[in-house]
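# Breakdown of the fold
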Amino acid sequence: MFLLLLACIAGICIGRGGIVRAFDISIPLSTLSGYQRILMAVVAVLAIAVPIKGLYHLERLFRNYTEGKIFTVASAGEIRQLGITALLWAAANLIWIAAAVVLTERRLPHSFYFRMDSIAIGVTVIVISWLMEMAAAMREENELTI
């Protein structure tokens, strides 16, 4: 993912005649000035940072599972972070749409496709993490009961 990030930044900053495409929106690099390219690179870094965050928390969750820590507060916290990552993905989509409109000075089509599925998934995963946290608290209470 880090190499993808570096390639994306290099392509945006020094690329000639290319097109940056994310969230079903294409932005031609040839129409962007140097300042606009730097701004586009920052937005791309933010968009790529979201899946990196998701992979980080997924790796920590799987590490907890391999250690046998399934219904624990730590595992519930990692699941909650995955839900937050899904919500951040929706925010990244909105930021990309805003950047596309601002940087291309409204030369793009006036209709954009915003997917609500990441919001629904994020909220659902956060609710599941809350239920898992309650289950972990109940398990800890049962272990303390003689």
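Heads up: the structure comes first, above all this text.
## What about the pairing of strand 2 (residues 25–28)?
- Every second residue of strand 2 is oriented toward a common face, the buried set being Ile25 and Ile27 and the non-buried set Ser26 and Pro28.
- When strand 1 (residues 19–22) meets strand 2, the two strands line up antiparallel, connected through 4 bridges. Residue Ile19 lies in a different strand from strand 2, and its bridge partner there is Pro28.
- Connecting the antiparallel pair strand 1 and strand 2 is a turn made up of 2 residues, with Phe23 showing a positive phi of about 50 degrees.

## Topic: the side chain of Ser75
- Tracing the backbone through its elements, the reader meets Ser75 in helix 3 (residues 73–103).
- A distance of 2.7 Å separates the side chain of Ser75 from the backbone oxygen of Lys69, its partner in a polar contact.

## Concerning the packing of helix 1 (residues 2–14) against helix 2 (residues 34–66)
- The interhelical angle for the contact between helix 1 and helix 2, taken along N-to-C directions, is 165 degrees, at an axis separation of 9 Å. Between helix 1 and helix 2, the interaxial angle falls into the category roughly antiparallel. Crossing of helix 1 against helix 2: the hand is right-handed. Where helix 1 approaches helix 2, its residues Leu4, Leu5, Cys8, Ile9, Ile12, Cys13 and Ile14 are matched on the opposing element by Arg37, Met40, Ala41, Ala44, Val45 and Ile48.
- Considered class by class, the residues forming the contact of helix 1 with helix 2 number 12 nonpolar, no polar and 1 charged.

Parameters and conventions
Residues numbered from 1 in each chain as written. Predicted model: local features only at pLDDT ≥ 70, side-chain atom pairs only at ≥ 80, totals over all residues. Heavy atoms only, no water. Buried < 20%, exposed > 50% of the residue type's maximum accessible area, 1.4 Å probe, protein only. Helix = DSSP H or I, 4+ residues; strand = E, 2+ residues; numbered from the N terminus. Pairing = 2+ DSSP bridges. Polar contact = N/O pair within 3.5 Å; in protein donor to acceptor, adjacent residues only side chain to side chain. Axes fitted to C-alpha atoms, helices over the stretch in contact; angles between N-to-C directions. Parallel < 35°, antiparallel > 145°, perpendicular 65-115°, else oblique. Left-handed = near helix turned anticlockwise from the far one by under 90°. Contact = heavy atoms within 4.5 Å. Nonpolar A, V, L, I, M, F, W, Y, C, P; charged D, E, K, R; others polar.

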